[in-house]
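Coordinates in review
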Amino acid sequence: MKNIYLVPLILSIFSLAVIAIALQLDTSPEMIVGDSMQARSFPIFLMILKLILIGILSFQFYKNNPKPVALEKYHTWGSMFLFLLFYLLTIHTDMFIGIFVVIFLMSILWGERRIWVAFLTATITPGLVFLLFDYVLKIRFPRGILMNLYYG
Amino acid sequence: MFEQAISAMASVVVDPYLLGLIFATTILGVIIGVLPGLGATTGAALLLPFTLTMDPVHAIAVLATIYVSATFAGSITAILINTPGTSAAAATTFDGYPLAQKGEAGRALGIAVISSTVGGIFSVLILCFAAPLLARVAYEFRSPEYFALTVFGLSMLASISAGGAVKNLIGGIFGVWLSTIGAERVTGIERFMFGNYELYEGLHFVPIFIGLFAISELLVQSKTVDKIIKTVSMKAVKLPTLEDYKKIWKTILRSCGIGTFIGVLPAEGATVASMIGYSEARRWSKNKKEFGKGSIEGIAGAEAANNAATGGAMVPTMVLGIPGSGTTAIILVGLMVHGLRPGVYLFTEQVEKVYQIFGSMFVANVMFMLMGLYAAKLFARVSLVPTQILWPIVFALSVIGAYAFQGQLLDVWLALIFGVIGFFARRHGFSVAPIAVGLILGEMVETNLQHSLKMFDGAWWMILTQPLALMFLVFAFLGLCGPMIFSWITKQKD
């Protein structure tokens, strides 16, 4: 199978999965739904419509034979990996530690050679944003190592 | 009504806090507009969480100001570095950059500033008059009409500039499906929640939009880290001469009309408007050969149209709750978050607020003109901020902004997940704007379909017996199948 058909395939599997899950949803008694529709009907209708459109898209691919998308450089995949790192650091340490580490590493990953510039960006940005949200907008941030120290 | 509108608009000028806010936001909007990749939509998505604690009028004024000023500012980088700050300024590069290369960057910017201002102010005036009239028509709408109107709005997604028609519709349907996550409104049955009760009221727009527009853009920009930007030198912005005005006034007026009309169409926006404005300027010009080589008519045509679309796009957003573009989708969310329900109610019960918002847009247009004329050179330097500094900052603003909306970490994860989804969608030629518009319109479509079915005892075809509903559905059909039918007819004739 050609690479270009991967997208329609994934979209089709997703649509079929949604239909399968929708069919498992509870049904409401007739007296509540009346002449309207069950909760499952609308998502199923949408996915059928989507499957038809995926069929048309596949036909367009067959006729036009588009070029496969070139693979991105390590910057993109590395950035996505940093999102995962941010998740882990936020869950296990603190959201602001996560932000600091990700900004610092992202700057380096994207080509910043001056370590002190990356460090300052990673320190000043979350600091300023924290002050703005905490003092001006009165937002309480999730507890973690740093926030426990701050909130007490 | 008229007096109330005038006094509400005038109140903007005598409110120093609001004026200061518009001034500061215009600076921010111009900075956002000149930074390649950021643009009005990403900027509005990032700023939305900051507006949560503001007064509703101030909050919407901030978002609307970002919209108009960033749309204009895209032209600064389009002219000076051949990189449109926003997609709406793409057509400006065709003639703006060649004129700048001839050593007339100041003249090109002057024409862009004046054309954008005229376009923006013209569309705000049209907005002031057209929106209440449309609201009166909308007063007659019931569920079948609203259902048909939202279907029409969704069908227009097919013609959004980026991505193909089929891909845009797939994106739109995905967005509508996202709106079904959570408890169903009528029966309370939980759909696609997988036991996660934070999703009971459905997906909230703010984190999803931050993900789709800001985080996905970050990943897209990661592909351009090696790009070297060169600027064209410029002494000062020059106002157009009398000779220039004689050459471009007709083009500006034509583009004002085109831009406003395109903006009013659901799901169309400044990008489409500027492209059509540019091509029409070329079609009507006596100097067609100059186009592509530094024609001032080309710059005026594109710039007047894209800023005229900003006011036009606010019409369906505020009157019908149907966003005219990605940025107006965010403004619509802003309206909802602040309890300003778009529609007839807004124009009958909260007229003052509506006209204050219009007044703010008017003031923002004047402010960006002054900034464009006197500080464009300075703002152009902002575009040289290294991507390795800028985008990590955007990451921080995105995650904290997503969290601040409800104080839930789930929203941060959703923003990141939708950022990755948005990136992969864009990687394969799907635009993210249809997903956002679909998400907003999804609830309207389903709820109005349910109400219509109840109205007609389950006989869905009765929707077609309602004249206005039928008209919208015919428009939707023509929007979807019209191009195919016309090309088939043309082939048959040939």
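Residue positions are given per chain, counting from 1 as you read along its sequence in written order. Chains and ligands are labelled sequentially in the order written, the chains with letters from A and the ligands with numbers from 1. Given that the model is predicted, a residue must reach a pLDDT of at least 70 before its local features are reported, and side-chain atom pairs must reach 80 or more before they are shown or counted; all residues, however, enter totals for whole chains, interfaces and linings. Derived side-chain values reflect all non-hydrogen atoms in the structure, with water molecules and hydrogen atoms excluded from consideration.

What follows deals with the overall build of chain B. We count a stretch as a helix when DSSP gives it H or I for four or more residues in a row; a strand needs E for two or more, and each element gets its number in order from the N terminus. Secondary structure summary: chain B contains 18 helices and 2 strands in total. In summary, chain B has a C-alpha radius of gyration of 22 Å against a globular reference of 23 Å for 494 residues, a match within 12%. Overall size of chain B, expressed as C-alpha extent along the three principal axes, is 70 × 55 × 55 Å. Buried residues are those whose accessible area, probed at 1.4 Å on protein chains only, stays under 20% of the maximum for their type, while exposed residues exceed 50% and partly exposed ones sit between those limits. Going through the 494 residues of chain B one by one, you find that 65% of them count as buried. Note on contacts: a residue pair qualifies if any of its non-hydrogen atoms lie within 4.5 Å across the two residues. For chain B, long-range pairs separated by at least 24 residues make up 78% of all intrachain contacts whose partners lie at least 6 apart in sequence. Per-residue and other accessible areas were derived by the Shrake-Rupley procedure at a 1.4 Å probe size, with only the shown protein chains allowed to occlude residues. Accessible area of chain B: about 18,200 Å², with a carbon and sulfur share of 65%. In this treatment the radius of gyration is a C-alpha quantity, and the globule benchmark scales as 2.2 Å times the residue count to the 0.38 power.

The next point concerns the overall build of chain A. Helices and strands together make up the secondary structure of chain A, namely 7 helices and 0 strands. The globule rule puts the C-alpha radius of gyration for 152 residues at 15 Å, and the 24 Å found for chain A is more than 25% above it. Structurally, chain A occupies a C-alpha span of about 60 × 50 × 25 Å along its principal axes. Considering only intrachain contacts with a sequence separation of at least 6, the fraction spanning at least 24 residues in chain A is 50%. Here chain A has roughly 8,800 Å² of accessible surface; of this, 71% comes from carbon and sulfur atoms. Only four residue types enter the charge count: Lys and Arg as positive, Asp and Glu as negative, with His and the chain ends excluded. Taken as the charge location is NZ of Lys, CZ of Arg, CG of Asp or CD of Glu. Of the charged side chains in chain A, 11 are positive and 7 negative, and the gap between their average positions amounts to 15 Å.

For the rest of this paragraph, the subject is the packing of aromatic side chains. Residues and elements named next belong to chain B. Each aromatic pair joins two rings of Phe, Tyr and Trp (for Trp, the six-membered one) with centres within 6.5 Å, and gets the label stacked for planes under 30 degrees apart, edge-to-face for over 60, and tilted for any other angle. Under the counting rule described, the total for this entry stands at 31 aromatic pairs over all chains. Measuring from ring centre to ring centre gives 5.1 Å for F94 and Y278, while their planes differ by 70°; the resulting arrangement is edge-to-face. Of this pair, F94 sits in helix α5 (residues 90-138) while Y278 is found in helix α10 (residues 270-284), placing the two residues 184 residues apart along the sequence. For F94, a relative accessible area of 36% gives the class partly exposed. Taken together, a centroid distance of 5.8 Å and an interplanar angle of 80° make the contact between F141 and F472 edge-to-face. Here F141 is found in the loop between α5 and α6 (143-155), whereas its partner F472 is found in helix α18 (residues 467-493), with 331 residues between them in sequence.

Turning next to the domain arrangement of chain A. One frequently used descriptor of interface size is the decrease in accessible area upon assembly of the parts. Under the domain assignment, chain A is made up of domain 1 (3-64) and domain 2 (74-151). Annotation comment: domain bounds sourced from an automatic or database domain assignment. Placing the centre of domain 1 of chain A and that of domain 2 of chain A at their C-alpha centroids yields a distance of 39 Å.

The phi dihedral of A:N65 is positive, around 45°, even though this residue is not glycine. Examined against the element boundaries, A:N65 turns out to sit in the loop between α3 (41-64) and α4 (74-92). Residue class for A:N65 comes out partly exposed when judged on its relative accessible area of 44%. Of note in this structure, B:D457 is not a glycine but carries a positive phi near 50°.

A few words now on the pattern of salt bridges. Residue and element names in this part refer to chain B. Salt bridges, as used here, are contacts in which a Lys or Arg side-chain nitrogen is within 4 Å of a carboxyl oxygen on Asp or Glu. For the structure on display, the rule yields 11 salt bridges over all chains. For the salt bridge of R107 with E104, the shortest nitrogen-to-oxygen distance reads 3.0 Å. Residue R107 and its partner E104 are located together in helix α5, separated by 3 residues, close to a single helical turn. With a relative accessible area of 29%, E104 lands in the partly exposed category.

A:F86, A:F141, B:I76, B:F209 and B:F358 are the most contacted members of the largest nonpolar core, which has 200 residues in total. In terms of residue count, helix α14 (residues 351-382) of chain B provides more of this core than any other element does, 16 residues in total. Residue assignment places this core across two domains, with domain 1 (3-64) and domain 2 (74-151) of chain A each supplying three or more. Put simply, a nonpolar core is a bunch of buried Ala, Val, Leu, Ile, Met, Phe, Trp, Tyr and Cys residues held in one set by side-chain atoms that sit within 4.5 Å of each other.

This brings us to the environment of B:T387. Residue position: B:T387 is located in helix α15 (residues 387-406). Distance in space between the C-alpha atoms of B:T387 and B:H451 is 50 Å, their sequence separation being 64 residues.

This part takes up α4(A). For α4(A), which comprises 19 residues, the first-to-last C-alpha distance of 26 Å matches the rise-based estimate of 27 Å (1.5 Å per residue) to within 8%. As for α4(A), its buried residues are in contact with α5 (95-109) of chain A together with α8 (205-221), α15 and α16 (409-427) of chain B. Helix span, expected: 1.5 Å multiplied by one less than the number of residues in the helix.

Time to look at the side chain of B:E280. Turning to its location among the elements, B:E280 is positioned in helix α10. Here B:E280 is in contact with B:R254 and B:I258, once residues within four sequence places are set aside.

In this section: the confidence of the model for chain B. Any region with low pLDDT has predicted coordinates that should not be read closely. Put simply, chain B has an average pLDDT of 84, and 94% of its residues get 70 or more. Scored from 0 to 100, pLDDT records how confident the predictor is in each individual residue. Per-element confidence in chain B ranges from a low mean pLDDT of 77 for helix α1 (residues 2-13) of chain B to a high of 93 for α16(B).

So, about the packing of helix α3 (residues 39-47) of chain B against α8(B). All names here are of chain B. Across the interface, α3 lies against α8 with an axial gap of 9 Å and an inter-helix angle of 140°. Looking at the two axes, α3 sits oblique to α8. Considering how the two elements wind past one another, α3 and α8 form a crossing that is left-handed. Facing T41, T42, A45 and L46 of α3, the residues of α8 in contact are F209, I210, F213 and A214. Throughout, the ten residues Ala, Val, Leu, Ile, Met, Phe, Trp, Tyr, Cys and Pro are labelled nonpolar, Asp, Glu, Lys and Arg are labelled charged, and all others, Gly among them, are labelled polar. Residue composition of the contact of α3 with α8, grouped by class: 6 nonpolar, 2 polar and no charged. Fitted lines through C-alpha atoms serve as axes, helices being fitted only where they are in contact, and the angles separating the N-to-C directions of these axes extend from 0 to 180 degrees. In what follows, roughly perpendicular refers to angles from 65 to 115 degrees, roughly parallel to angles under 35, roughly antiparallel to angles over 145, and oblique to any angle outside these ranges. In this scheme the crossing of two helices becomes right-handed for a clockwise turn of the near helix relative to the far one and left-handed for an anticlockwise turn of less than a right angle.

Further remarks concern the interface of chain B and chain A. Contacts between the two partners involve 61 residues from chain B, matched on the other side by 64 residues from chain A. When the two sides are added together, the surface that chain B and chain A hide from each other amounts to roughly 5,500 Å², 81% of it contributed by carbon and sulfur. Buried area counts how much accessible surface, traced with a 1.4 Å probe, disappears from two parts once they are put together, with both parts' losses summed. Considering only the side of chain B, the residues that lose the most area to chain A are B:I173, B:I400 and B:R427, jointly responsible for 11% of the buried surface there. Applying the counting rule to chain B against chain A returns 2 salt bridges. For B:K223, the salt bridge is made with A:E72, and the minimal N-O distance between the two is 3.6 Å. Think of a polar contact as two N or O atoms within 3.5 Å of one another; within protein, one of them needs to be a possible hydrogen donor and the other a possible acceptor, and neighboring residues in sequence only count if both atoms come from side chains. At the surface where chain B touches chain A, the tally comes to 6 residue pairs in polar contact (both at pLDDT 80 or more). Only α7 (165-178), β2 (190-191), α8, α15, α16 and α17 (433-455) of chain B provide two or more residues apiece to the side of chain B that touches chain A. Here the residues of the side of chain B that touches chain A sort into 39 nonpolar, 12 polar and 10 charged.

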